[in-house]
Amino acid sequence: MSQDCIFCKIAAGQIGGPPLFQDEHVTAFRDVNPQAPLHVLLIPNKHIVSLNEANAEDQALLGHLMLTAVKLAQAEGVANGGYRLVANTGPNGGQSVFHLHLHLLAGRRLTWPPG
Ligand code: AMP
């Protein structure tokens, strides 16, 4: 855990409400500033700054993060209609919280390309 990381605090249950989903490895919770009717963030419980800092030992963890997103999309009833998974990475990627996370966005027709 990184002491001044807001997502580490959410994973540890120190701030925020009960997560949408949590297991030993990942936590999912609703984005405080939703950009779509469904906007969930999925994080590894372990502090990883971004995809750039993930390494080979994180391979199973990253797969688990993606498959958890699919399960949540199914549970939230958006899997068939479709959804988008986004991992903003670094300054040009628009990353603002430096704890690796996936955005799960759904519930409206999303445009492409993103801004
Ligand atoms: P990114 O810009 O890709 O780093 O995404 C960070 C996301 O975290 C943004 O969509 C924020 O709205 C969201 N966010 C920041 N703080 C919180 C929080 N305390 N609880 C839930 N979502 C948050």
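Provided above is the structure to which this section pertains.
Residues numbered from 1 in each chain as written. Predicted model: local features only at pLDDT ≥ 70, side-chain atom pairs only at ≥ 80, totals over all residues. Heavy atoms only, no water.

**Q** Please clarify how the site of the ligand should be interpreted in this entry.
**A** Looking at the ligand, there are 16 residues lining it, with Asp-31, Asn-88, Ser-96, His-101 and His-103 nearest. Between the ligand and His-101 there is a distance of 2.9 Å, counted from an oxygen atom to a side-chain nitrogen or oxygen. Residue His-103 places a side-chain N or O atom 2.8 Å away from an oxygen atom belonging to the ligand. When the ligand sits alone it has 500 Å² of accessible area, and the protein chains cover 81% of it. If you map the ligand onto the pockets, it falls in the largest pocket. Broken down by element, the shell around the ligand gets its largest block of residues, 3 residues, from helix 1 (residues 6-11). Considered class by class, the residues forming the shell around the ligand number 7 nonpolar, 7 polar and 2 charged. (Near = heavy atom within 4 Å. Polar contact = N/O pair within 3.5 Å; in protein donor to acceptor, adjacent residues only side chain to side chain. Areas by Shrake-Rupley, 256 points an atom, 1.4 Å probe, with all protein chains shown as cover. 1 Å grid on protein atoms, 1.4 Å probe; cavity = no way out; pocket = protein on both sides within 12 Å on 5 of 7 lines; lining within 4 Å. Sits in = over half its atoms within 2 Å of the grid points. Helix = DSSP H or I, 4+ residues; strand = E, 2+ residues; numbered from the N terminus. Nonpolar A, V, L, I, M, F, W, Y, C, P; charged D, E, K, R; others polar.)

**Q** So what exactly am I meant to see when it comes to unusual backbone geometry here?
**A** Cis geometry is adopted by the peptide bond preceding Pro-113, which originates at Trp-112 and carries an omega value of 0 degrees. Relative to the helices and strands, Pro-113 is located in the segment after strand 5 (102-106).

**Q** When you look at the nonpolar core in this model, what are you seeing that I'm missing?
**A** Nonpolar side chains in soluble globular proteins tend to end up buried together. If you look at the biggest cluster of nonpolar residues, it comprises 16 residues, and the most contacted ones within it are Leu-38, Val-40, Leu-42, Leu-65, Leu-72 and Leu-104. Elements represented by at least two residues in this core include exactly strand 2 (26-30), strand 3 (38-44), helix 2 (59-75) and strand 5. Of the residues forming this core, the biggest block, 5 residues, is contributed by helix 2. Ignoring sequence-local partners within four residues, the contact set of Leu-38 consists of Arg-30, Glu-76, Val-78, Leu-104, Leu-105 and Ala-106. With 8 residues, the next largest nonpolar core counts Cys-5, Ile-10, Ala-11 and Phe-29 among its residues. (Core = buried A, V, L, I, M, F, W, Y, C linked by side-chain atoms within 4.5 Å. Buried < 20%, exposed > 50% of the residue type's maximum accessible area, 1.4 Å probe, protein only. Contact = heavy atoms within 4.5 Å.)

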